[in-house]
Every structure is written in structure tokens, then in C-alpha cells.
Amino acid sequence: MKAALRRALEAALGAKTQEATPVSGGDINDAYRVVLEGQGPVFVKTHASAPPGMYEAEADGLRWLDEPKALRIPKVLAYSDAKPAFLAIEWLNPGRPKSGFENALGQGLASLHRWGAPSFGHRQDNFIGRLPQDNRSNDTWASFYWQRRLEPQIRMAVDRGLLRDATQEACRALETRIADRTGAPEPPARLHGDLWGGNLYVDGDGEPCLVDPAVYGGHREIDLAMMRLFGGFGARVFDAYEEAFPLEPGARERVPLYQLYPLLVHVNLFGGGYEGAVERALRAVL
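Let me sum up the structure you'll find in this document. Predicted, not measured: the structure shown is a model, and the values here were computed from it.

**Here's the deal with helix H7 (residues 235-244)**
Phase 1: When we look at burial in H7, the residues that qualify are Val237, Phe238, Ala240 and Tyr241. Down the axis of H7, the smallest arc covering the buried residues is 160 degrees, so these residues share one side. Those residues of H7 that are exposed and angled more than 90 degrees off the buried face are Ala235 and Glu243.

Laid out in C-alpha cells, this is it:
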């Protein structure tokens, strides 16, 4: 850990650092287990070129997810978006899933979604990965999903030359049909927003914990579709969710629609290798 980051942490947390050990922190950040004098360990993530506001937005998202007390969310201890930028949260000892883990996750996620949100959107913009996420509210879910989620990612991918003409044409076709594809009206759910298997953590008590959010108020099928995209969640999780908060008819058919957003994000983060998955999702939707 660089000396400037160490000094910034000590000033923010009010304690001297005794040791800092690098740990796995994902694709974007450098991460450390930092032991503080008289306070024990904390988890710290940092990035030398963090976009302005990234850690403030993540801190806000963690606190927002924690309000319903539906699932364990790590407590925010400090953050800074000035260089050196960092986020410090409570250290969670890792564990193994206890008996009933999948039931607890499915039921907890249902409770989180049911808690709701004031609108489609959020009180501030944030990020998904390192890409900006526009959270200005819309009156309807269909308009929000197109204007604030799909269209910005499509425009970015087109500008970067990552989508072929046929894919762009299919996107334009979806725009004209989006209101008929998004399902029955529901109030906005409180979404994690980036719920793939890597953002599910098992704490020392064997309980599920959610990390690295990209929060907003939206359709609850977004989180569930993301969970199905890359695996990591057992069938019992979805069954427990359905038992606690049954989905509207047609939810299974809407999975490709709600996977389009994370797939487009992956095109823009990692390149055109994901375009084939975008095309398949569009075919299933149209």
C-alpha cells in the first residue's frame, strides 16, 4: 500500500495502520485487508484513476441497500474521491454457506425488492463497473429502461464500433416495442443492480451478504435475470424468492430482455466478444 493512501486512511478512520495485506478485489480495484490499531481489520478498495464520485456512489448504494435490513450489507466506514481515492468498509470474515443459505438468500432478496424505492431511478447517478449509470427518474419503467439503461449503452457501443449494423437495426426495432415487452406494471423495487455471483459473499456465520452494488429503483426481474446470466446461484434461491414474492406471468420470457443491459455493459467494458450474446438476447426478445 502506498504511503499516501495509508495517510489518507489513518486520517479518515482516526487510527494508525498496523498492516495492509493485498486481497482479491475484482477486476477494477486494488483491495487490502487493513488492520487498524485498536480497531481491528477493515476492507479497503482503491483505484489510481477512479472516476470522480465512484466511491461516494458506492458508499451511498451500500447504505441504501442496508436500510431494509433484508440481507447483510457491509457497513461503510469512510470514503474519499480525492486522490488517493478509496472506500473503507467493515471486514467480513469469509465462511461457508450454512444450512438454509439458499432459502435465506432468496427470501432476503424478495424482502429487499418488496421494500421498494421512491421512483424508477435513484437520488444520485452511480456506476456499473467503471461505466457511468444515469439514474434520473422516469414516470414508467419501460421509458426508464430504454432511456437510462439500454440506449446509453447502445450509443456507447455504436460510437466505439462494437455493434454490427444488423445488431443496431435490432436495437432500433426493440425501441419501438419496449413498452410491450417489459411486463405488467409494478412499483419500483430496491435493486442491487449488478447481482452476479462475484457480488455475493458468504460471511463468517455462513450468511449471504451483498457487495459492490449499482443501485436504483427498477423492475425486480432485473436482479433475477442478472443472477441467471453467469451462474453462481442455485435453483433453490429462485424457488425461495418465488415462494416469498411470486413473479408476474411471463417472467421467464422476459429474462433475455433484462439480460440485455448487463450484456451491453460487458460489450463496452470488455469488447465486441459479447456482441453475439447481445444478438441472441435481441432475437429472443423480438
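**Quick look at the packing of helix H5 (residues 165-181) against helix H8 (residues 251-270)**
Phase 1: Between H5 and H8, whose axes approach to 12 Å, the crossing angle comes to 130 degrees. As summarised for this structure, H5 and H8 are arranged oblique, according to the angle between their axes. Handedness of the crossing formed by H5 with H8: left-handed. For the pair H5 and H8, contact is made by Leu174, Ile178 and Arg181 and by Arg254, Leu257 and Leu260, respectively.
Phase 2: Per-class residue counts for the contact of H5 with H8 are four nonpolar, no polar and two charged.

**Brief notes about the packing of aromatic side chains**
Phase 1: This model, assessed by the stated rule, comprises nine aromatic pairs.
Phase 2: Between Phe270 and Tyr274 the ring centres are 6.4 Å apart and the planes differ by 45 degrees, which places this aromatic pair in the tilted class.
Phase 3: Taken together, the ring pairs in this structure connect Phe120, Trp141, Phe144, Tyr145, Tyr216 and Tyr258 into an aromatic cluster.
Phase 4: The cationic tip of Arg190 hangs over the ring face of Trp64; the distance from NZ or CZ to the ring centre is 4.2 Å.

**A word on the sheet that holds strand E4 (residues 76-80)**
Phase 1: With antiparallel pairing, five strands are arranged side by side in an open sheet as E1-E2-E3-E5-E4. The open sheet is flanked by strand E1 (17-23) and E4, the only strands paired with a single partner. In this sheet, adjacent strand axes meet at a mean angle of 20 degrees when their direction is disregarded.
Phase 2: Across five bridges, strand E3 (residues 40-46) lies against strand E5 (residues 86-90) in antiparallel orientation. The partner of Val42 across the bridge, within E5, is Glu90.
Phase 3: Across the sheet, helix H1 (residues 3-13) touches E1, strand E2 (30-36), E3, E4 and E5, and the angle it forms with E5 is around 50 degrees.
Phase 4: On top of the sheet, helix H2 (residues 54-66) reaches E3, E4 and E5; it is set at about 160 degrees to E4, its chief contact.

**Thoughts on helix H6 (residues 221-229)**
Phase 1: For H6, the buried fraction is high: eight of the nine residues fall into the buried class.
Phase 2: Listing the buried residues of H6 in full gives Glu221, Ile222, Asp223, Leu224, Ala225, Met226, Met227 and Leu229.
Phase 3: Structurally, H6 contributes buried residues whose contacts are with helix H3 (101-115), helix H4 (141-159), strand E8 (189-191), strand E11 (216-218), H7 and H8.
Phase 4: Once H6 finishes, Gly231 follows within two positions and takes phi at roughly 80 degrees, a positive value.

Criteria and cut-off values
All chains use their own residue numbering, which begins from 1 and follows the written sequence. Since the coordinates come from a predicted model, pLDDT governs what is reported: local features require at least 70, and pairs of side-chain atoms require 80 or more to be given and counted, while whole-chain, interface and lining totals use all residues. Calculated side-chain values reflect all of the structure's heavy atoms, with hydrogen atoms and water omitted. The rule is simple: take the accessible area with a 1.4 Å probe, protein chains only, and divide by the maximum for that residue type; under 20% is buried, over 50% is exposed, in between is partly exposed. Only DSSP runs of H or I with at least four residues qualify as helices, and only runs of E with at least two residues qualify as strands; both kinds are numbered from the N terminus onward. Starting at the helix axis, one direction is taken to each C-beta atom, and the arc is that of these directions. Think of each axis as a best-fit line through the C-alpha atoms, taken over the contacting stretch in the case of a helix, with angles from 0 to 180 degrees between the N-to-C directions. An angle below 35 degrees is read as roughly parallel, one above 145 as roughly antiparallel, one from 65 to 115 as roughly perpendicular, and any other as oblique. Should the near helix be turned counterclockwise from the far one by less than a right angle, the crossing is left-handed, whereas a clockwise turn marks it as right-handed. Residues are treated as being in contact if the distance between any of their heavy atoms lies within 4.5 Å. Basically, the charged four are Asp, Glu, Lys and Arg, the nonpolar ten are Ala, Val, Leu, Ile, Met, Phe, Trp, Tyr, Cys and Pro, and anything else, Gly included, counts as polar. For this analysis, a ring pair means two rings from Phe, Tyr or Trp (six-membered ring only for Trp) whose centres lie within 6.5 Å, classed as stacked if their planes differ by under 30 degrees, edge-to-face if by over 60, and tilted for the remaining angles. When the NZ atom of lysine or the CZ atom of arginine is within 6 Å of a ring's centre and also within 35 degrees of its normal, the charge is said to sit over that ring. Pairing between strands is defined by DSSP: at least two bridges between the two strands are required.

Keep in mind these values describe shape, not function.
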